[in-house]
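The lines below spell out each chain.
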Amino acid sequence: MKTDVFIAGGGVGGLALAAKLASRGVHVTIAEQLKRESPVYKGELLQPKTLAILERLGVIDEIEECGHVLDQLRFQEIKRRPGQAPEEINLTELDYGRVASVYDHALMVPHEQTKAILRNKGKEYEEYYHYLGGARFLGFENGMAKVKQNKEVTYIEAQVYIGAEGRSSPTRDAMNVHVKRKDYNHHFLTVTIPRPEDFTKGKVITTSSCFLGLFPLPDNEVRTVFLIKAGEYKNVKEKGLEYLYQAYGELEPELAEGVRSIKDWKTVQLMIPFTYHVDHYYSGNLAIIGDAAHTVHPMAGEGMNLAIQDADVLGELLAWCKEEGKPFDENLHYYEDVRKPRVSFLLQLSHLSALVYSFRFELWRQIRSRAVQRIYDDDQLHVKQMLNISGLGRWDFSLFDRAIQGSMLPTRKKKVTDRKQQKYLFSEEEDYPWRYE
Ligand SMILES: Cc1cc2nc3c(=O)[nH]c(=O)nc-3n(C[C@H](O)[C@H](O)[C@H](O)COP(=O)(O)OP(=O)(O)OC[C@H]3O[C@@H](n4cnc5c(N)ncnc54)[C@H](O)[C@@H]3O)c2cc1C
């Protein structure tokens, strides 16, 4: 079997890449090992840059239809009071609206729905799109991809092979890249529960020792993420569901009823955060995208977004190669040139956000609370934070910024103009530089 591009793995990254390539007349074959929907939670927050990409792919209407808009993230520090409503110590509201873009919000979309929409988009270009479900990519033999589907082995010959298999990637193994994993002192429990209709804002609730992230989904549901110490899962489970009911109820009384819908630990997923970033994204005619190349701490909600953003840049590049008659492998460096520094930057940002919530003592809570509040009080910090996590641009934090955030310098009174921000939004030339050279 022959194709222009072979993609191993039909997660969000592989599917976004396949849909883009097929829409541009590039023959693509995608092998996904699963036959049906995965029951595993894999993230739902689509950042503004991803929404821009999905719009260009022509799927934004469907995505918005099954999404819940998040225009703001609330950070609430409280004092937990057993058996009573908590006492609020501080509330900071960070706004996507501070980003000078029409994409001024994030969207919470169930992961499998995003995948289904991308898969269906690809199918619209049936001449170019070949989706193999229940097909496991086993590795390379004689320069071809070896795929097993229904006990039969097929060899697929392509001009370029893309590894989008997620954390365990045979393509990455074949590229012989270096992967250094970093672990954290905490894990998360995550579960979706019902929410009151007016509970619509994203919210992170913290005390000196607790963390509960709440991200509303459509249909009056909310994704909850509860931090526990690394290795504590078994102990927490032994305490019974009552432990969760009480913790959620005391941290967010509005969810005291919803949390009781959890009837079985099986619906509660353990999430173990870790990170890595490979040293190169391509080798010869092989390239990797998404979690195959990098895994990010989930605190800033970036993993899925980085995969789709990789797919966008690589997809545009491969489509351009085909249109211009350029060899795919000789141009893969552009993909790494654009994506690797951006991913490094967001990995670092997510890592810092993780550290902010990693230590359980009162003094740390006070420092954190002040630092988060200062992001709001100083407009430049506010704009930088939201712009950076949105993926729409990059505006580095300076030492001066960090000194303001750490209360060593006073906050700036001046508002950042949209015009000033424009300089830091990624231009088409920065996203797709090969077109301009
Ligand atoms: C528990 C958990 C929670 C997460 N929470 C968040 C979050 O809140 N926000 C966020 O943005 N990100 C989150 N992420 C990260 C996010 O899920 C990933 O970054 C994103 O899914 C990466 O997309 P991907 O396409 O690269 O890989 P994946 O989504 O992992 O997709 C890889 C696909 O390849 C298939 N595959 C694997 N091996 C093979 C093979 N040999 N042959 C054929 N197919 C294969 C798999 O079945 C899968 O469908 C989370 C991840 C996990 C694991």
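An unreviewed UniProt entry annotates the chain as FAD-dependent monooxygenase of Halobacillus locisalis.

## Brief notes about the site of the ligand
Near the ligand you find 31 residues, and of these Glu32, Tyr41, Lys42, Phe137 and Asp291 are the closest. Val12 is positioned with one of its backbone polar atoms (N or O) 3.4 Å from an oxygen atom of the ligand. At 2.6 Å from an oxygen atom of the ligand is found a side-chain nitrogen or oxygen belonging to Asp291. In isolation the ligand offers 990 Å² of accessible surface; the protein chains occlude 91% of this area. Its residues assigned to classes, the shell around the ligand shows 11 nonpolar, 13 polar and 7 charged.

## So, the domain arrangement of the chain
Entries for the chain in the domain assignment read domain 1 (2-63 + 110-182 + 274-351), domain 2 (68-105 + 184-271) and domain 3 (359-428). For domain 2 versus domain 3, the separation of C-alpha centres amounts to 24 Å. Taken together, the contact pairs 24 residues of domain 2 with 26 residues of domain 3. For the pair domain 2 and domain 3, the summed buried area comes to about 2,000 Å², and 58% of that belongs to carbon and sulfur atoms. A per-residue breakdown of the area domain 2 buries against domain 3 is headed by Arg98, Ala100 and Ser208, which together make up 32% of the total. Inspection of the region where domain 2 meets domain 3 yields 3 salt bridges. With its nearest N and O atoms 2.8 Å apart, the salt bridge here joins Glu77 to Arg368. Counting every contact that joins domain 2 to domain 3 gives 10 residue pairs in polar contact (both at pLDDT 80 or more). Among the elements of the structure, strand S5 (72-79), strand S6 (87-95) and strand S16 (221-229) are those that each provide at least two residues to the side of domain 2 that touches domain 3. For the side of domain 2 that touches domain 3, the element with the highest residue contribution is S6, accounting for 7 residues. Taken together, the residues of the side of domain 2 that touches domain 3 sort by class into 11 nonpolar, 8 polar and 5 charged.

About the thresholds
- Residues numbered from 1 in each chain as written.
- Predicted model: local features only at pLDDT ≥ 70, side-chain atom pairs only at ≥ 80, totals over all residues.
- Heavy atoms only, no water.
- Near = heavy atom within 4 Å.
- Polar contact = N/O pair within 3.5 Å; in protein donor to acceptor, adjacent residues only side chain to side chain.
- Areas by Shrake-Rupley, 256 points an atom, 1.4 Å probe, with all protein chains shown as cover.
- Nonpolar A, V, L, I, M, F, W, Y, C, P; charged D, E, K, R; others polar.
- Domains from an automatic or database assignment.
- Contact = heavy atoms within 4.5 Å.
- Buried area = accessible area lost by both parts, 1.4 Å probe.
- Salt bridge = Lys/Arg side-chain N within 4 Å of Asp/Glu carboxyl O.
- Helix = DSSP H or I, 4+ residues; strand = E, 2+ residues; numbered from the N terminus.

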